[in-house]
Amino acid sequence: MATAVIAPANREEGLIQELGYEDHFHEHHHGDKYQSNFISHYVFSQDHKMIAKQFLITGMMWAIIGGLMSLVFRMQLGFPEESIAWLKPVLGKWIAVNSDGVGSLVPDFYYALVTMHGTILVFFVLTAGLSGTFSNLLIPLMIGARDMASPMLNMMSYWFFFISGTIMFASLFLSTGPFAGGWVAYPPLSALPQAMDGSGAGMTLWTISLVFFVVSVLLGGINYITTVLNLRTKGMSMWRLPLPIWAFFVTAILGLLSFPVLVSAFFLMMLDRGIGTSFYLSDIYIGGQALDHVGGSPILYQHLFWFLGHPEVYIIILPAMGIVSEVLSVNARKPIFGYKAMVFSILAIGFLSFIVWAHHMFMSGVNPFIANFFVVFTLIIAVPSAVKVFNWIATLYGGSVRFNPASLFGIGFVSMFISGGLTGIWLGNSTLDIQLHDTYFVVAHFHIVMGVAAFFGMYAGVYHWFPKMYGRFMNETLGKFHFWGTIIGAYCVFWPMHFIGMAGVPRRYYSFDVFQSFSQFGDLNKFITIAAIITFGFQLLFVLNFFYSIWKGRKMKTMNPYNANTLEWTTPIETGHGNWPGKLPAVQRWAYDYGKDGREFISQVEPVGPDESPAH
Amino acid sequence: MSTLIVFICIALLLLIVLQIGRVRDLAKQLRGAEEVEARNTKMTGYYLVAFMVAFLVLCTASAFYYKNWMLGYGPHESASAHGGRIDSMMNVTLAVTYIVFILTHILLFWYAYKYRQRKGGKAQFISHNNQLEIIWTGIPAIVMTFLVISGLDAWNDIMGDVGADDDYIEIEATGYQFAWQLRFPGEDGLIGRKDFRLIDGTNSLGQDWTDLKNADDKLVNNFKLPLNKKIRVRITAKDVLHDFYLPQFRVKMDALPGLPTYFVFTPTKTTKEWRKSLSEYEEYQVPDPNDPEKMLWETANYELACAELCGNGHYSMLRTFEVVEEDEYEAWLAEQPSYYMENIRFTENDPNTGMLFPAEIEQRRQEFNTEANTALETPEDDDNTLILKYVTFETGSAQLTELSRYQLDDAIAFLKKNAEVKSLLKGHTDNTGNAEANLTLSDRRAAVVLDYLVKGGISADRLVSSGFGQYAPVADNATEDGREANRRTELYVTRGALPVPTTIVNTPSK
């Protein structure tokens, strides 16, 4: 069957027809396997674009659940005297109403909410929802591949994530409550059901859920790596990859190397819980009984956990960095400044992220001497991070910056990354960590640098590639409202926490009244809670905009609405299976020839002209 | 119902915003996209700059406003010797990061504004500049090196353990769900061994009573610490992880079951001085919500908190403590009873009944001397008897128990000191067994005691012994306590002539 000759819709499509790579993809019949009925199109889809949407929408659902949880416990913290008895229809016995009719959260459930909020946001939203969505959507489209190397594994990756989420969701309804020992799940608290209600069945489900989640990450990750290494189209050398792809690639490697360690930590935990081994437990007297466990070390778990845990924060932030690099470059109409420096800093951050884990453990009882190494490596990470910030700023310099929700969130991302990254220099210094460890300062730091910043990266990506996903644009005015509400709101929520933390107030406190030292921030806590509620409201605006625009948004009329160089904009508006209707594009240049030789943009498929000034 | 209304309001609000968004986007299409776009771009540029200015000003102003809450400022000056280094390190870091924070934010938002899209405006093609990359790799690297070196210098000093010649006090803090148990050493200055398997109702820490270092250890809840004295806290946990956290002292360290950790620090500010310095700040010149009679600074106390999630009562592990002058501390410590002596000594849980502590020997000696002198000075001859209550025999034999010699030695010393005193030793038994045999046994026991005294250097002509068997009980033989009281050796002392020992054989007492 010969490829049908279609009249090119634009210059790029013409170039693909002329110079593209014929892989005879469309001569094979794929129709039955892919997208031929509702189930295989929308549910058990093997198409990377549909899987990306599944990850995104599932992630959004989880973000709403996790966000609402934070509002409930923020209300308890900000307004401990106000009654939340009106939540009783939803939360039932987890609201205790005292004799004055004032309903407040039961401490056990407060800790359950804090734990679930952390777990959900870190794993389900910022790992699956961010990396899962954009790696799936962009890797094949940007490198010029028909799909992932293994669409089947890709589909399984989503469905393992779905199973994981289902189990976690089910744990919310246990009579003893979901797991409540903090998202890091340090033993012995997490290992002993008698230590806390949530450490019973809640912890069992939590562990099983996360094991499924790791399977999902590994299936996805191995696919991303293979796809980037093997399925790049003709001419797409590694040094021509757009930056998001570099970021997703390194992210996948980090996940592949670190998540198995987490699973091994969980397996040891299961053995300790189930059959009485003593990997993490020793010398414990609890519930009126001395336990038989002897010889284990709770610090072993912390090492294993943070060996994942630290790369995990880069698993979250690297995709956001990649997305922002692309969005800023496209909207500044300028090449990303220092492409190679950006790639090397991604690689440096990826490498260093594996040798800094113990900076979470300076005060854990490890030998203080160990801190010497980890402080050095931790503060070194500031160098590639600073390089990236300077490069983003330099990308704006001399540009012609378009302000749309995507680029605004990109700028906001850089601001958040600076604000949160700089406090990392405080916490990475073990001397300061003596006082700041486990206080609200830490809460402020990581929420800004990996929570809010990663969300900003995700929003930039969603606004930017929404047309590629749904063939329509999101509403720009609402997007701008969303941006301003979010950046102002997020700073209002997290900035004051720095002061509370410097005053020494510990995190994970259900009430601050017991201690005189910690009880003097009632007003700030009220302010934070109100800001959090308003900020959450602005996120609903995004959700509304998202779903409204899927069906009612302004239609995309041209293939390349942003005049961007990368390959995803050379695919048809209705991108079918296989992404390109005819030949695969052949790549002739890097992704960032914006404003070169007076031309606004030069697509990657355009050959280098004879008179063109030398390559970058 | 009101909940429903609130939800409807939120939904309506969202709908209104959505409509505004739609209308604006439609208007843009109608009025000429480019013109509207240009105006929007300009406005957004202004907003960005306005945001940047407001943000930086508010950040700086709020830091000034909350200055008193930050490390090392105002009332939050450190109360420990090492804390000052942490605070100054923080200030250096604050200065460095603040400069970077301000500069990068100005550049970020200013460039976004300045290089916004304009009609006919074109972006410059600047792809990279290796020199710049080297500069902005190098400068952060140098700054980081400086921070790393000064940070680690402080860290290794602060976290170092006590040296061999250091003068320090070692105390122990044990976290459990949900409180702290403090343990202070007694006169030996040492904390005894403990083992979690020994924990029970009478032994909350699992102290090993065979380790005599435990004998004088004091268990306290709210405590005092001496000023300017190095304190080494041994930090442990009973059940799950806890964290020993003294916010005012810059002290924080996890407490782990089975893996003791430590933190060494020196308090440098007494509670009194601290309260006085707090009284200068407005935020402390308000009534204490828990004690409205007093100002907040008057009731301020140093606090011990938990800083590692340990369960549903994590937020409530409060202990308060005072820092006082050393002599006040010594006086306070001396008042605290030894847990072992108060609650364990000579109970069934005491493994050390076979020995006496020097303090006990001394105490018994004084007790004996007092009783003996009283007996001696009593005019009525009949009352000149005292019971040698610590002189005991192995069951059914005339073999003195190990601990008896202490009181007998006291008796020897007493008789030597009072050379004119003569003494009659009387043996008694309870009514268990054969009365005849008991009489013989008591006779032999009295003779053994006499023998001991003679060997101790008391002339035999000053002493007489006699057995009374079960015939002179002082308590009811029906109870174990009564029988124990009846099994006794008595010492009759007199300055006059000794009575001729009467044989009471076959003369029942009633």
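Residues numbered from 1 in each chain as written. Chains lettered and ligands numbered in written order. Predicted model: local features only at pLDDT ≥ 70, side-chain atom pairs only at ≥ 80, totals over all residues.

### Things to note about the overall build of chain B
A count of helices and strands for chain B gives twelve helices and 16 strands. The C-alpha radius of gyration of chain B comes to 40 Å, more than 25% above the 24 Å expected for a compact globule of 510 residues. Dimensions along the principal axes, computed over C-alpha positions, put chain B at roughly 135 × 60 × 45 Å. Long-range contacts, defined as pairs at least 24 residues apart, comprise 66% of the intrachain contacts of chain B with a sequence gap of at least 6. (Helix = DSSP H or I, 4+ residues; strand = E, 2+ residues; numbered from the N terminus. Rg over C-alpha atoms; globule rule 2.2 N^0.38 Å. Contact = placed C-beta atoms within 7 Å.)

### Brief notes about the overall build of chain A
Along the backbone of chain A there are 16 helices and six strands. Its C-alpha radius of gyration of 25 Å places chain A within 12% of the 25 Å reference for a compact globule of 616 residues. Structurally, chain A occupies a C-alpha span of about 80 × 50 × 50 Å along its principal axes. The buried share among the 616 residues of chain A stands at 62%. (Buried ≥ 20, exposed ≤ 12 C-beta atoms within 10 Å, placed from the backbone.)

### Observations concerning the packing of helix α10 (residues 404-417) of chain B against helix α11 (residues 435-455) of chain B
Residue and element names in this part refer to chain B. Where α10 contacts α11, the axes come no closer than 10 Å and their chain directions differ by 55°. Judged on the interaxial angle alone, α11 and α10 are oblique. Two packed elements cross with a definite hand, and for α10 against α11 that hand is right-handed. Together, Leu-408, Ala-411 and Ile-412 of α10 and Val-449, Tyr-452 and Leu-453 of α11 make up the contact between the two elements. In terms of residue class, the contact of α10 with α11 is made up of six nonpolar, no polar and no charged. (Axes fitted to C-alpha atoms, helices over the stretch in contact; angles between N-to-C directions. Parallel < 35°, antiparallel > 145°, perpendicular 65-115°, else oblique. Left-handed = near helix turned anticlockwise from the far one by under 90°. Nonpolar A, V, L, I, M, F, W, Y, C, P; charged D, E, K, R; others polar.)

### Re unusual backbone geometry
Residue and element names in this part refer to chain A. The omega angle of the peptide bond from Pro-187 to Pro-188 is 5°, so this bond is cis rather than trans. Structurally, the position occupied by Pro-188 is in the loop between α6 (151-171) and α7 (201-230). With a phi angle near 60°, Asp-438 is a residue other than glycine that sits in the positive phi range. Of note, Asp-597 is a non-glycine position whose phi angle comes to about 50°, a positive value. With respect to the element layout, Asp-597 can be found in the segment after β6 (554-555).

### What about the sheet that holds strand β6 (residues 242-246) of chain B?
Working definition: the strands of a sheet are paired by backbone hydrogen bonds and lie parallel or antiparallel to each other. All names here are of chain B. Read from one edge to the other, the open sheet built from five strands follows the order β4-β12-β11-β6-β7, with strand pairing classed as mixed. Two strands lie at the open edges of the sheet, namely β4 (223-226) and β7 (251-255), each paired on one side alone. Averaged over all adjacent pairs, the angle separating strand axes in this sheet is 25°, with direction ignored. Summarising the sheet, β4 and strand β12 (residues 319-324) pair through four bridges and their orientation is parallel. Paired with Leu-225 across the bridge in β12 is Val-323. Helix-sheet contacts for helix α7 (residues 326-335) involve β4 and β12, and the interaxial angle to β4 is about 140°. (Pairing = 2+ DSSP bridges.)

### Notes on the confidence of the model for chain B
Residues and elements named next belong to chain B. Mean pLDDT for chain B: 89, with 97% of residues reaching 70 or above. Contacts from residues 504-510, a stretch scored under 50 in pLDDT, to residues over four places away or in other chains number six contacts. Taken together, the chains of this predicted complex give a pTM of 0.92 and an interface ipTM of 0.93. (pLDDT = per-residue confidence, 0-100.)

### Observations regarding the interface of chain A and chain B
The interface is formed by 99 residues belonging to chain A together with 91 residues belonging to chain B. Looking at the side of chain A that touches chain B element by element, the count peaks at 14 residues for helix α11 (residues 371-396) of chain A. Each residue belonging to the side of chain A that touches chain B can be placed in one class, and the counts come to 62 nonpolar, 27 polar and ten charged.

### Comments concerning the domain arrangement of chain B
All names here are of chain B. We note that the domain assignment places domain 1 (32-117), domain 2 (168-343) and domain 3 (358-494) within chain B. Counting residues at the interface gives ten residues for domain 1, matched by 16 residues for domain 2. A breakdown of the residues in the side of domain 1 that touches domain 2 according to their chemical character gives four nonpolar, six polar and no charged. (Domains from an automatic or database assignment.)

### What about the sheet that holds strand β3 (residues 218-220) of chain B?
Residues and elements named next belong to chain B. Read across the sheet, five strands follow the order β3-β2-β1-β5-β8 without closing on themselves; strand pairing throughout is mixed. On the outer flanks of this sheet lie β3 and β8 (261-265), each paired with one strand and no other. Strand-to-strand twist in this sheet, taken as the mean axis angle between neighbours without regard to direction, amounts to 25°. With five bridges joining them, strand β5 (residues 230-237) and β8 adopt antiparallel strand pairing. Of the residues in β8, the one forming a bridge with Ile-231 is Phe-265.

### Looking at helix α4 (residues 130-159) of chain B
With 30 residues, α4 of chain B extends 42 Å between its outermost C-alpha atoms, agreeing within 8% with the 44 Å of an ideal straight helix rising 1.5 Å per residue. Taken together, the buried positions of α4 of chain B are Glu-133, Trp-136, Pro-140, Met-144, Leu-147, Val-148, Gly-151, Ala-154, Trp-155, Ile-158 and Met-159 of chain B. Buried-residue contacts for α4 of chain B involve α10 (339-352), α11, α12 (405-427) and α13 (430-436) of chain A together with α3 (83-114) of chain B. (Expected span 1.5 Å × (residues − 1).)

### A look at the environment of His-41 of chain A
As for its position among the elements, His-41 of chain A is in helix α2 (residues 38-43). For the pair His-41 of chain A and Val-263 of chain A, spaced 222 residues apart in the sequence, the C-alpha separation amounts to 32 Å.

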